[in-house]
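Per-entry structural report
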Amino acid sequence: MSLSTQDPELAELLEIARSLAARAGAIQRDRYETHLSIETKSATIDLVTEVDRACEVLIVEGIQALRPGDAILAEEGHGGDTAGAAIRWIIDPLDGTTNFAHGFPRFCVSIGIERDGERVVGIVYDPLLDERFEAVRGAGAWLGPRRLRVSHEDQLGRALVATGFAYDVHQSDDDNLDHFRSVVKSARGIRRDGSAALDLCYVAAGRLDGYWEQKLHPWDVAAGYLIVDEAGGRTTDLAGGPADRSGRELLATNGRIHDALLATLAR
């Protein structure tokens, strides 16, 4: 089996997203560990390369050619987040740019799609492992032919979790270190891999039991939220409320350790 949907519009959107993610991933694979032009954005640790921009242009132009009326929110500013459009694409052309720039093999393409404000399609493609995580609302989350399910772990002390640190970590006192300190004393292990989209997919796949982070952006989480939800996981903010579409703060877990991790983060 593999992911499919009876909704003709969602089927079309899924196929477009699959094709564009594969094409952008091919660019990343070809340019991995080659000479790059690297620039900074909001901080010295907030990087962008010509590969980010090339992948975004490819994706945005592909959407515009096939679906010119759709809204597009993309990290590097291409496209147009058109008010009133029923379909909205939310794109991170290269999630994990710092990893990519350093030759660290943890990065991906992330494409999320909303219809009338509801998350309906998510694609996250890791070009090095050739792993395509995907979900359609109501049709489950999948990795190729395998339907994804979150882990069954119900004890935080046996859990493997992940986190990350915002680009303003060098300047801001709101730096996640207090949360990190609390969780590292409570969980079996913590990983910090530098790709929010892949961390969310790993929760969906049961490779991680939980993941939290702050100060992300919509393109970091749009696809991953849906993939976690469709795999049976739970996504909230750090107070246990609805997951923030902005990515301002998030907690994603298998659901079984969610309350314990919330309590630990609140210490």
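What comes next is a walk through the structure. Source: prediction; values computed, not measured.

Describing the nonpolar core
- Ranked by internal contacts, the top residues of the largest apolar core, which has 35 residues, are Ile59, Trp89, Ile91, Ile111, Ile113 and Val121.
- Per element, the largest residue contribution to this core is 8 residues, and it comes from helix α1 (residues 8-31).
- Cys201, Ala204, Leu216 and Leu250 belong to the second-largest nonpolar core, a separate cluster that totals 31 residues.

Quick notes on the pairing of strand β14 (residues 249-253)
- Of all 5 residues in β14, 5 are buried; the element is thus mostly enclosed.
- Where strand β12 (residues 210-214) and β14 come together, 5 bridges link them in antiparallel fashion. By the bridge assignment, glycine 210 is partnered in β14 with threonine 253.
- As paired strands, strand β13 (residues 234-236) and β14 are joined by 3 bridges and run antiparallel to one another. Pairing of threonine 236 across the sheet is with leucine 251, part of β14.

Focus: the pairing of β12
- Counting buried residues along β12, 5 of its 5 residues qualify, which places the element largely inside the surrounding structure.
- Neither face of β12 is open: one carries Gly210, Trp212 and Gln214, the other Tyr211 and Glu213, and all of them are buried.
- Pairing between strand β10 (residues 160-162) and β12: 2 bridges, direction parallel. Residue pairing across strands places alanine 162 opposite tyrosine 211, the latter belonging to β12.

Some details on the sheet that holds strand β6 (residues 118-126)
- Here we have 7 strands laid out as an open sheet, ordered β3-β4-β5-β6-β7-β8-β9, and mixed in their pairing. Sheet topology places β3 (71-74) and β9 (146-147) at the edges, where each strand pairs with a single neighbour.
- Inspection of the sheet shows β3 paired to strand β4 (residues 87-95) by 4 bridges, in the parallel sense. When the sheet's bridge partners are listed, alanine 71 is paired in β4 with arginine 88.
- Most of the contacts of helix α2 (residues 50-66) go to β4, to which it runs at about 155°, and overall it touches β3, β4 and β5 (108-115).

Quick look at unusual backbone geometry
- A positive phi angle, close to 60°, is found at glutamate 33, a residue other than glycine.
- Note on placement: glutamate 33 falls in the loop between α1 and β1 (38-40).

What to know about the sheet that holds β10
- Taken together, 5 strands build an open sheet; the order of strands is β11-β10-β12-β14-β13 and the sheet is mixed. In this open sheet, the two strands that pair with only one neighbour each are β11 (189-191) and β13. The sheet shows a mean angle of 15° between the axes of neighbouring strands, taken without regard to direction.
- On the sheet, helix α4 (residues 177-184) packs against β10, β11 and β12 and is oriented at approximately 160° with respect to β12.

Here's the deal with the packing of aromatic side chains
- Taken as a whole and judged by the stated rule, the model has 5 aromatic pairs.
- Seen in terms of ring centroids, tyrosine 32 and phenylalanine 100 are 6.3 Å apart; in terms of plane orientation they differ by 40°. Their pairing is tilted. You can see tyrosine 32 sitting in the loop between α1 and β1 and its partner phenylalanine 100 sitting in helix α3 (residues 97-102), a full 68 residues away along the chain. Residues tyrosine 32 and phenylalanine 100 agree in their burial class; the two are buried.
- Centre to centre, the rings of phenylalanine 165 and phenylalanine 180 are 5.9 Å apart; their planes meet at 45°, and the pair counts as tilted. A residue pair is termed long-range when its members are at least 10 positions apart, and phenylalanine 165 in the loop between β10 and α4 and phenylalanine 180 in helix α4 qualify at 15 residues.
- An aromatic cluster is present here, built from Tyr32, Phe100 and Phe107 joined pairwise through their rings.
- Here arginine 207 stacks its cationic end above the ring of tyrosine 202, 4.6 Å away from the centre of that ring.

Points about the pattern of salt bridges
- By the definition in use, this model includes 23 salt bridges.
- Residues arginine 245 and glutamate 114 are paired through a salt bridge, measuring 2.7 Å at the closest nitrogen-oxygen approach. In this pair, arginine 245 is assigned in the loop between β13 and β14 and glutamate 114 in strand β5, connecting sequence segments 131 residues apart.
- On the basis of relative accessible area, glutamate 114 is assigned to the buried category, the value being 5%.
- Overlapping salt bridges, with partners in common, bring together Asp7, Glu9, Glu12, Arg67, Asp70 and Arg115 in one network.

Definitions and cut-offs
Residues numbered from 1 in each chain as written. Predicted model: local features only at pLDDT ≥ 70, side-chain atom pairs only at ≥ 80, totals over all residues. Heavy atoms only, no water. Core = buried A, V, L, I, M, F, W, Y, C linked by side-chain atoms within 4.5 Å. Buried < 20%, exposed > 50% of the residue type's maximum accessible area, 1.4 Å probe, protein only. Helix = DSSP H or I, 4+ residues; strand = E, 2+ residues; numbered from the N terminus. Pairing = 2+ DSSP bridges. Contact = heavy atoms within 4.5 Å. Axes fitted to C-alpha atoms, helices over the stretch in contact; angles between N-to-C directions. Phe/Tyr/Trp six-rings, centres within 6.5 Å; stacked < 30°, edge-to-face > 60°. Lys NZ or Arg CZ within 6 Å of the ring centre and 35° of its normal. Salt bridge = Lys/Arg side-chain N within 4 Å of Asp/Glu carboxyl O.

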